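Residue-level listing of the chains:
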Amino acid sequence: MTTLLLVRHGLTAMTGPVLAGWTPGVRLDERGRAQAAALAARLAPLPLAAVVSSPLERCVETAEAVAAGRAEPVEKVGTDDRFGEVRYGDWTGRPLKELAEEPLWRVVQAHPSAARFPGEEGEALADAQHRAVAAVRDWNERIAAARGPGALYAVCSHGDIIKSIVADALGLHLDQFQRIQADPASLTVIRYTETRPFVVRLNDTGGDVAGLIPEPPEERSGKDGLGSSDAVVGGGA
């Protein structure tokens, strides 16, 4: 059982009006650095086993802020290309207002599982989800083997990647993933168990995180007669 903290990178000058994609050199602006610092302060009490990042600069900068602002510092931020942004191909670097006029825009909105972005570097959204979810499974096993059940780790990634991971955790078809939101510097938390994932938080931009600290094994195992993978009927306390 591992708990994944999904962090979206902070704001950049391109965030919002332009589809940055894999454009190199896109870094946090002053607002994004402030967001990353605030998030790092919020997450400081959590015993993170690792901080993993998309290789893109805006994510690495956010992840490094989270790793540095800890009572127990994480020695090194690791990167994993599978958490990198969707490869938007020929859409990369273009204004969203312009892209909204493209026929493919409606496919991305209504039937994203069928969407493949144009150009040699373009990627299908379904393929992006597959690589991201595979990365989560790999890191879950790696973290659990190294730190035992109940370990927490953080991954800094991008909006569409985070939304696709959440859709998988919720058992939603990719065509429903546009119903999920992941704002800049937001926190989404998924607890993975043998039976099912639990989406603990979604698009959290300011809540207290003390409840995410794992319980000791002797308290977690068999608590209230429930297994660690059991959902509490009625919602619990």
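From a predicted model like this one, the values you see are computed outputs, not experimental measurements. (Residues numbered from 1 in each chain as written. Predicted model: local features only at pLDDT ≥ 70, side-chain atom pairs only at ≥ 80, totals over all residues. Heavy atoms only, no water.)

### What about the side chain of Ser186?
Structurally, Ser186 is set in the loop between helix H6 (159–170) and strand E5 (187–192). A distance of 2.6 Å separates the side chain of Ser186 from the backbone oxygen of Asp183, its partner in a polar contact. For Ser186, the contacting residues outside a window of four places in its chain are Leu6, Val7, Arg8, Asn203, Asp204 and Thr205. (Helix = DSSP H or I, 4+ residues; strand = E, 2+ residues; numbered from the N terminus. Polar contact = N/O pair within 3.5 Å; in protein donor to acceptor, adjacent residues only side chain to side chain. Contact = heavy atoms within 4.5 Å.)

### Quick word on the pattern of salt bridges
Opposite charge on two side chains makes pairing possible when the charged atoms of those side chains draw close. One pass over the full model with this rule turns up twelve salt bridges. When the shortest N-O distance is used, the salt bridge between Glu123 and Arg131 registers 2.9 Å. According to the relative accessible area criterion, Glu123 is buried, its value standing at 11%. Note that Asp204 and Arg201 form a salt bridge whose closest N and O atoms lie 2.8 Å from each other. Residue class for Asp204 comes out buried when judged on its relative accessible area of 12%. Residues joined in a network through salt bridges with shared partners are Arg42, Arg201 and Asp204. (Salt bridge = Lys/Arg side-chain N within 4 Å of Asp/Glu carboxyl O. Buried < 20%, exposed > 50% of the residue type's maximum accessible area, 1.4 Å probe, protein only.)

### Overview of the pairing of strand E4 (residues 151–157)
With respect to burial, E4 is a largely interior element, seven of its seven residues being buried. Side chains Ala151, Tyr153, Val155 and Ser157 of E4 all project onto a buried face; the interleaved residues Leu152, Ala154 and Cys156 project onto the opposite face, where all are buried too. Where strand E1 (residues 2–8) and E4 come together, seven bridges link them in parallel fashion. Of the residues in E4, the one forming a bridge with Thr3 is Leu152. (Pairing = 2+ DSSP bridges.)

### Points about the side chain of Thr15
Secondary-structure assignment places Thr15 in the loop between E1 and helix H1 (30–43). Excluding residues within four positions of it along the chain, Thr15 makes contact with Arg8, His9, Gly10 and Pro184.

### Thoughts on the packing of aromatic side chains
Going through the model one piece at a time under the given rule, you end up with three aromatic pairs. Judged by centre distance (4.9 Å) and plane angle (85°), the rings of Tyr88 and Phe117 are edge-to-face. Taken together, the residues span a long stretch of sequence, with Tyr88 in the loop between strand E3 (78–79) and helix H3 (96–99) and Phe117 in the loop between helix H4 (103–110) and helix H5 (125–147) at a distance of 29 residues. In this structure, Tyr88 and Phe117 share a single accessibility class: buried. Arranged with centres 5.3 Å apart and planes meeting at 65°, the rings of Trp91 and Phe117 form a pair that is edge-to-face. You can see Trp91 sitting in the loop between E3 and H3 and its partner Phe117 sitting in the loop between H4 and H5, a full 26 residues away along the chain. When the ring centre of Trp22 is taken as origin, the NZ or CZ atom of Arg87, which lies over that ring, is 3.7 Å away. The positively charged end of Lys163 is found above the aromatic ring belonging to Phe177, 4.8 Å away from the centroid. (Phe/Tyr/Trp six-rings, centres within 6.5 Å; stacked < 30°, edge-to-face > 60°. Lys NZ or Arg CZ within 6 Å of the ring centre and 35° of its normal.)

### As for the environment of Arg70
Mapped onto the elements, Arg70 comes out in the loop between helix H2 (57–68) and E3. Taking the C-alpha atoms as reference points, Arg70 and Leu46, separated by 24 residues in sequence, lie 8.2 Å from one another. The contact partners of Arg70, leaving out residues within four places of it in the chain, are Leu43, Ala44, Pro45, Leu46, Pro47 and Leu48.

### Description of the environment of Asp29
Relative to the helices and strands, Asp29 is located in the loop between E1 and H1. Separated by 29 residues in sequence, Asp29 and Arg58 place their C-alpha atoms 9.1 Å apart. Beyond its immediate sequence surroundings of up to four residues, Asp29 is in contact with Leu11, Thr12 and Ala13.

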